[in-house]
Amino acid sequence: AVKLSPENEWYKAALAILHIDLQNYKDASILYEELSEKYPEKHDYLFSRGECYVLIKELNKAINTFNNLEKLIGLNEELVIYKHQLYLKLGDVKKAKNEIQKLIDNNPNEIRYYGILAEFYEIIGEPDKAIILYEKIMSLDPKNGHVHLSLFKHYLFIGDRERALLELKKAFQATDVVIGIKLEILVSFIHEFQTNPKIKPHIYELCEILALVHPENAKSYSIYGEFLLQDEKIDTALYKFKKATEYDVSQFSLWDKITIIESNLLMFNELAIDSKQAIYYFPSQPSFYLFNGIANIQLKNYKEAIDALTIGKELVISDHYLLSDFYQYLGDAYHEINDHINSDIA
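What counts and how
- Residues numbered from 1 in each chain as written.
- Predicted model: local features only at pLDDT ≥ 70, side-chain atom pairs only at ≥ 80, totals over all residues.
- Heavy atoms only, no water.
- Helix = DSSP H or I, 4+ residues; strand = E, 2+ residues; numbered from the N terminus.
- Rg over C-alpha atoms; globule rule 2.2 N^0.38 Å.
- Areas by Shrake-Rupley, 256 points an atom, 1.4 Å probe, with all protein chains shown as cover.
- Lys, Arg positive; Asp, Glu negative; His and termini not counted.
- Charge placed at Lys NZ, Arg CZ, Asp CG, Glu CD.
- Contact = heavy atoms within 4.5 Å.
- Core = buried A, V, L, I, M, F, W, Y, C linked by side-chain atoms within 4.5 Å.
- Buried < 20%, exposed > 50% of the residue type's maximum accessible area, 1.4 Å probe, protein only.

1. Considering the overall build of the chain
The secondary structure content of the chain amounts to 21 helices and 0 strands. Here the C-alpha atoms of the chain give a radius of gyration of 31 Å, more than 25% beyond the 20 Å that 2.2 N^0.38 yields for 346 residues. With the principal axes as the frame, the chain shows a C-alpha extent of 95 × 60 × 30 Å. For the chain, the computed accessible surface area is about 19,300 Å², with 53% contributed by carbon and sulfur atoms. For the chain, the distance from the average position of its 37 positive side-chain charges to the average position of its 52 negative side-chain charges is 8 Å.

Here is the structure:
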């Protein structure tokens with residue numbers, strides 16, 4: 001179509017997109033060159049041209065293209081950060097720094113820009129300059145949790161672990177740092193928690209802060225329970241897992257841990273109640289029926305045990321050991337009510 005109608009804008013644009021899909025970036029760049037020169041008011045063509053240059057590793061041509069685009073549309077955050085990253089790839093740290101400085105000069109109250117520049121200084125090995133910027137951010141917004149998070153990473157990077165943990169606790173106290181980020185950090189400490197006793201008090205303090213700042217999020221308690229479980233503080237771990245279910249009943253792993261712990265601790269009254277609840281939320285999971293059966297046998301509620309075990313064994317798929325457990329406890333329950341025929345069959 002382009003050969004037959006080389007002046008048709010839409011054919012060229014469609015062909016350029018197909019070339020990109022086929023990773024023919026050089027061919028796409030030629031088409032975008034033609035389109036951007038013929039239709040300079042259509043900025044998307046110029047941006048796509050620059051992206052194609054990046055993909056064929058002609059970074060200087062890409063930067064020149066983005067500079068021309070900036071002249072047309074004015075200062076644009078996405079474009080500036082893109083150029084900043086390209087200058088870093090070229091090893092031109094001065095121009096990389098200047099790009100972020102442009103954003104700061106244009107909007108000196110935007111905290112994120114200081115953070116980007118601070119991270120840049122850390123990357124190029126100038127942590128002292130990074131600290132000055134973090135202090136600037138703190139003066140602009142003392143309650144900014146992301147700054148404390150950045151400072152945690154900074155002090156960790158330079159090996160000042162004590163100050164890093166202090167900043168991390170401040171970040172955990174901040175409501176503007178989402179719980180997902182905090183959980184990721186806690187998970188990253190799991191291995192060290194197992195091998196370094198000195199870190200344990202700090203982890204527990206972080207868990208306490210998490211529960212205070214996000215008191216209605218089940219994950220605040222479930223992650224706390226995981227650390228307690230690893231530390232063999234079983235009773236407290238159980239309490240945290242049960243606390244988590246007050247805010248989210250949909251997590252299978254929570255009910256699984258609760259029933260296993262209660263079974264191991266011979267807490268049959270609690271096990272009977274909690275396994276029944278777990279059955280309600282997860283009616284197709286056989287393990288909860290087994291725990292319910294075991295608990296009711298211990299509590300001498302043999303009919304309830306038989307009912308649970310009879311239903312549960314039908315839900316077992318390709319697990320002969322689990323099915324064997326069901327029949328074993330069914331045999332025990334029938335035996336206790338003197339139903340020896342069914343007891344022997346089981």
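2. Some words on the environment of Ile111
As for its position among the elements, Ile111 is in helix 7 (residues 111-123). Along the chain, Ile111 and Gly293 lie 182 residues apart, while their C-alpha atoms are 59 Å from each other. Setting aside anything within four residues of it in sequence, one finds Ile111 in contact with Ile137, Leu140, Asp141 and Asn144.

3. Focus: the nonpolar core
Counting residues in hydrophobic clusters, the biggest one holds 93 residues, and the most contacted among them are Leu86, Leu168, Phe172, Leu186, Phe189, Ile203 and Phe227. Apart from residues no more than four positions distant in its own chain, Leu168 is found in contact with Leu149, Phe152, Ile185, Phe189 and Leu206. Judged by nonpolar contacts, the second largest core, of 9 residues, contains Ala13, Ala28, Leu31 and Cys52.

Everything listed here is a matter of geometry and, on its own, says nothing about what the molecule does.
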